[in-house]
Amino acid sequence: DTANINYTTIAFEGGQSFADLDPTDPTNNVLKFTKPSGAQAWAGVTLGNQVLENPIPFTGANKFISVKVYSPAAGMPIMLKAEVQGGPGVEAQALSTVANQWETLSIDFNSPLNGTIDTNLNYNMLSFFGDFLTAASGQVFYIDSVFFGLPVAPPVPDSSFVTFQLDMNQVTAAFTTPE
């Protein structure tokens, strides 16, 4: 939803993609990806106009890409493929954990499915695969907020009081106050 960002996508192997409204917030625009019956099990969508404006800034210490995903079921393999245009690609995935609600998945390219990230290369393509390698049956995924790195969770305020009870009846050593 930010100006000056290329929202072009290119679906492949029978997948379909287009901008749509968030299924939970009609004021938010998201990417809808459908894997219709007849599409290949590896159907997906490439983000950007085939090539990203800036390469993915993988470093030795940071090889995560996070993405908000709205999946039709829990346990679906969500895969991202980072590629060098005309060169090598590396695939990594995570499993969705909830159905029909948003979750942020952090895809760890430290442990890819194939190959290794070479931080000297300019990975300038990124593709999304929903329910990777499962037969297409009309699965619908929504994608939003793709970003490099891990999400930063806001601190959780300490608002609880906890009382502990300690039974010292079985202790035979001398003590005044247990610690």
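The structure this text deals with has already been given above.
Presented here is an overview of the structure given in this document.

So, how was this worked out
- The residue numbers shown here count from 1 along each chain, following its written sequence.
- Selection of residues for local features in this predicted model requires a pLDDT of at least 70, selection of side-chain atom pairs for listing and counting requires 80 or more, and totals for whole chains, interfaces and linings are taken over all residues.
- Calculated side-chain values reflect all of the structure's heavy atoms, with hydrogen atoms and water omitted.
- Helical segments are the DSSP runs of H or I of at least four residues, strand segments are the runs of E of at least two, and each set is numbered from the N terminus.
- In short, DSSP must find at least two bridges between two strands for them to pair.
- Angular values range over 0 to 180 degrees, each being the angle between N-to-C directions of two axes fitted as lines to C-alpha atoms, with helices fitted over their stretch in contact.
- To qualify as a nonpolar core, a set must consist of buried Ala, Val, Leu, Ile, Met, Phe, Trp, Tyr and Cys residues joined through side-chain atoms within 4.5 Å.
- Only protein chains enter the accessibility calculation, which uses a 1.4 Å probe; a residue whose area is less than 20% of its type maximum is buried, one above 50% is exposed, and one in between is partly exposed.
- Pairs of residues are marked as contacts when any of their non-hydrogen atoms sit within 4.5 Å.
- One side-chain nitrogen of Lys or Arg within 4 Å of one carboxyl oxygen of Asp or Glu is enough to make a salt bridge.

1. Focus: the environment of Asn 29
Then comes step 1: Positionally, Asn 29 belongs in strand β3 (residues 29-35).
Then comes step 2: Placed 115 residues apart in sequence, Asn 29 and Asp 144 show a C-alpha to C-alpha distance of 8.1 Å.

2. Things to note about the sheet that holds strand β9 (residues 125-130)
Then comes step 1: Taken in spatial order, the 5 strands of this open sheet run β1-β4-β9-β6-β7, and their pairing is antiparallel. Of all the strands in the sheet, just β1 (9-12) and β7 (89-95) have a single pairing partner and so form its edges. Neighbour-to-neighbour, the strand axes of the sheet open up by a mean angle of 20°, direction not taken into account.
Then comes step 2: Here 6 bridges tie strand β6 (residues 77-83) to β9, and the two strands are oriented antiparallel to one another. Note that in β9 the partner of Glu 83 across the bridge is Met 125.

3. Section: the nonpolar core
Then comes step 1: Ranked by size, the top nonpolar core spans 29 residues in total, and within it Phe 58, Phe 109, Tyr 123 and Phe 128 carry the most contacts.
Then comes step 2: Among the secondary structure elements, those contributing two or more residues to this core are β3, β4 (44-47), β5 (64-70), β6, β7, β8 (102-108), β9 and β10 (139-148).
Then comes step 3: What Tyr 123 contacts, discounting residues up to four positions off in sequence, is Pro 55, Ile 56, Phe 58, Ala 82, Glu 83, Val 84, Pro 88, Val 90, Thr 116, Ile 117 and Asp 118.

4. Description of the pattern of salt bridges
Then comes step 1: Enumeration according to the criterion identifies 3 salt bridges in this entry.
Then comes step 2: The closest approach of N and O atoms between Asp 20 and Lys 32, which form a salt bridge, is 3.8 Å. With Asp 20 in strand β2 (residues 16-21) and Lys 32 in strand β3, this residue pair connects regions lying 12 residues apart in the sequence.
Then comes step 3: Owing to a relative accessible area of 23%, Asp 20 belongs among the partly exposed residues under this scheme.
Then comes step 4: For Lys 32, a relative accessible area of 18% puts it in the buried group.
Then comes step 5: Its salt-bridge partner being Lys 81, residue Glu 91 comes within 3.9 Å of it at the nearest N-O pair. Remark: Lys 81 occurs in strand β6 and Glu 91 occurs in strand β7; sequence separation between them is 10 residues.
Then comes step 6: Each of Lys 81, Glu 83 and Glu 91 takes part in a single network of salt bridges with overlapping partners.

5. Section: the pairing of β7
Then comes step 1: Summarising the sheet, β6 and β7 pair through 7 bridges and their orientation is antiparallel. Pairing of Ile 78 across the sheet is with Ala 94, part of β7.
Then comes step 2: Taken together, β6 and the strand that follows it, β7, pair antiparallel across an intervening segment of 5 residues, in which Gly 86 is found at a positive phi of about 75°.

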